[in-house]
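# Reading the structure
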Amino acid sequence: MANTPVQEEYSRLAPNYDQRWSFYVETSLQETINRLNIKPHERILDLGCGTGTLIEKLLQFVPEKNLVGLDASQEMLSVAKQKLPTSVDLHLGNADNLPFPSESFERIISTSSFHYFPNPSQAIREAKRVLKPNGCLVITDWCYDYLSCRILDVFLRLFNRAHFRTYKAKELQQLLQEEGFSDVSIERYKLNWFWGMMTAKAIKK
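Just so you know, these numbers come straight off a predicted model, no measurement behind them. (Residues numbered from 1 in each chain as written. Predicted model: local features only at pLDDT ≥ 70, side-chain atom pairs only at ≥ 80, totals over all residues. Heavy atoms only, no water.)

### Some points on the pattern of salt bridges
One pass over the structure, following the stated rule, counts 14 salt bridges. Among the ionic pairs, Arg188 bridges to Asp145, the shortest N-O distance being 3.0 Å. In this pair, Arg188 sits in strand 6 (residues 181-190) while Asp145 sits in the loop between strand 5 (131-142) and helix 7 (147-159), placing the two residues 43 residues apart along the sequence. By relative accessible area, Asp145 is classed as partly exposed at 26%. For Asp153, the salt bridge goes to Arg157, with nearest N and O atoms at 3.1 Å. Taken together, the residues span about one helical turn, with Asp153 and Arg157 both in helix 7 at a distance of 4 residues. Here Arg157 falls in the partly exposed class, since its relative accessible area comes to 48%. (Salt bridge = Lys/Arg side-chain N within 4 Å of Asp/Glu carboxyl O. Helix = DSSP H or I, 4+ residues; strand = E, 2+ residues; numbered from the N terminus. Buried < 20%, exposed > 50% of the residue type's maximum accessible area, 1.4 Å probe, protein only.)

### Side note on the pairing of strand 5
Counting buried residues along strand 5, 9 of its 12 residues qualify, which places the element largely inside the surrounding structure. Bridging between strand 4 (residues 105-111) and strand 5 involves 6 bridges; their strand directions are parallel. Its bridge partner being in strand 5, Thr111 is matched across the sheet by Thr140. Regarding topology, helix 6 (residues 120-130) serves as the crossover connection from strand 4 to the parallel strand 5, and that connection is right-handed. (Pairing = 2+ DSSP bridges. Right-handed = clockwise from strand over helix to strand, strands pointing away.)

### Observations concerning the state of the cysteines
As enumerated under the stated definition, the model contains 0 disulfides in all. Cys143 supplies the cysteine sulfur nearest to Cys149, a cysteine that is in no disulfide, at a spacing of 6.9 Å. (Disulfide = S-S within 2.5 Å.)

### A look at the sheet that holds strand 5
As summarised here, the arrangement of the 7 strands in space is 3-2-1-4-5-7-6, forming an open sheet in which the pairing is mixed. The outermost strands of the open sheet, each flanked by one partner alone, are strand 3 (89-92) and strand 6. Neighbour-to-neighbour, the strand axes of the sheet open up by a mean angle of 15°, direction not taken into account. Pairing geometry for strand 2 (residues 67-71) and strand 3, over 4 bridges, is parallel. Bridging from a neighbouring strand, Gly69 pairs with Leu90 of strand 3. Sitting on the sheet, helix 8 (residues 169-178) is in contact with strand 5, strand 6 and strand 7 (196-204), with an inclination near 160° to strand 6. (Axes fitted to C-alpha atoms, helices over the stretch in contact; angles between N-to-C directions. Contact = heavy atoms within 4.5 Å.)

Next up, the structure:
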């Protein structure tokens, strides 16, 4: 994989990421899980798995062999490998070209990664390809509908090459529907006074 701004940023952040962003990570992941009804039989891809914290949480619902993680940063994956059972399958890759056969997963979950994807439509198409029929795509990310996230988006577009853009709930819904997902639902909420989030759920028909 060619070196990208996202890889450069997270190679630097990886050693201290869990400590530095502990409140945000723990709270946003728990809010995501609270909105899901995960079944033990599901094979789940954590798209943009980072240091593996979501997979750690999913281990209470799903067997190790059913969990797969993918991230663009080798350094973040190295941290994840230290935290997770060896039977959890971790891959280096990006959302535009998923290294999995078609119809491999019942569920794909992406948390706090979507604003980094430079080609969101392609990422959604790839997610749809590797989902089984009636599989569920879940995206949790910052929500542009909140003033704090609009300000953050402007700042990061100016000063952070890794950041691509933050979306309104309606924009994300339209992206999902344009790529053929159905039953799209999006819930907006705040983690605290600053972090305005949304969790989208969409079904592959």
